[in-house]
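An overview of the molecular structure
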Amino acid sequence: MAELARAALPFAAFMTFASGLLLLINRPGTPEFVATVLALIVGLVFLALALGLHFFARRREGRYERPDPPAEQSASPRGGVQ
């Protein structure tokens, strides 16, 4: 599953970036502008899904586990150093 997320991230990022640049070129009200806006929406949704899949796969592999809380230190006036 991590390989799928790794492959989907660059494609989703490219699609989002390219459609964002095309929004600067196309004039509002044209069919090209509408298609570009739809491509941007699809790219953003795909990017969110790919990132979610990436973090889900990494957590499942155990790479994002929460660390244990630090151990209690003694209450000496020097901050635990004796």
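The structure we're discussing is the one just above.
Rules used throughout
Residues numbered from 1 in each chain as written. Predicted model: local features only at pLDDT ≥ 70, side-chain atom pairs only at ≥ 80, totals over all residues. Heavy atoms only, no water. Helix = DSSP H or I, 4+ residues; strand = E, 2+ residues; numbered from the N terminus. Buried < 20%, exposed > 50% of the residue type's maximum accessible area, 1.4 Å probe, protein only. Contact = heavy atoms within 4.5 Å. Areas by Shrake-Rupley, 256 points an atom, 1.4 Å probe, with all protein chains shown as cover. Polar contact = N/O pair within 3.5 Å; in protein donor to acceptor, adjacent residues only side chain to side chain. Expected span 1.5 Å × (residues − 1).

On a plain count of helices and strands, the protein chain comes out with 2 helices and 0 strands. For the protein chain, with 82 residues in total, the buried portion stands at 17%. Partitioning the contacts of the protein chain with sequence separation of at least 6, the portion at a separation of at least 24 is 58%. Per element, the accessible surface of the protein chain, about 6700 Å² overall, is 67% carbon and sulfur.

Mapped onto the secondary structure, Thr 36 falls in helix H2 (residues 31-61). The class of Thr 36 is buried, set by a relative accessible area of 7%. Within the structure, the side chain of Thr 36 is placed 2.7 Å from the backbone oxygen of Glu 32, a separation counted as a polar contact. If near-sequence neighbours (up to four positions away) are discounted, Thr 36 is found in contact with Ser 19, Leu 22, Leu 23 and Asn 26.

For helix H1 (residues 2-25), built from 24 residues, the straight-helix expectation of 34 Å at 1.5 Å per residue is met to within 8% by its first-to-last C-alpha distance of 35 Å. Burial in H1 covers these residues: Ala 2, Ala 5, Ala 8, Ala 12, Thr 16 and Ser 19. Close packing links the buried residues of H1 with H2.

Another point: H2. For H2, which comprises 31 residues, the first-to-last C-alpha distance of 45 Å matches the rise-based estimate of 45 Å (1.5 Å per residue) to within 8%. Looking at H2, one finds that the buried residues are Thr 36, Leu 40, Gly 43, Ala 50, His 54 and Ala 57. Looking at the buried residues of H2, the elements they touch are H1. Two residues or fewer after H2 comes Gly 62, characterised by a positive phi angle close to 90 degrees.

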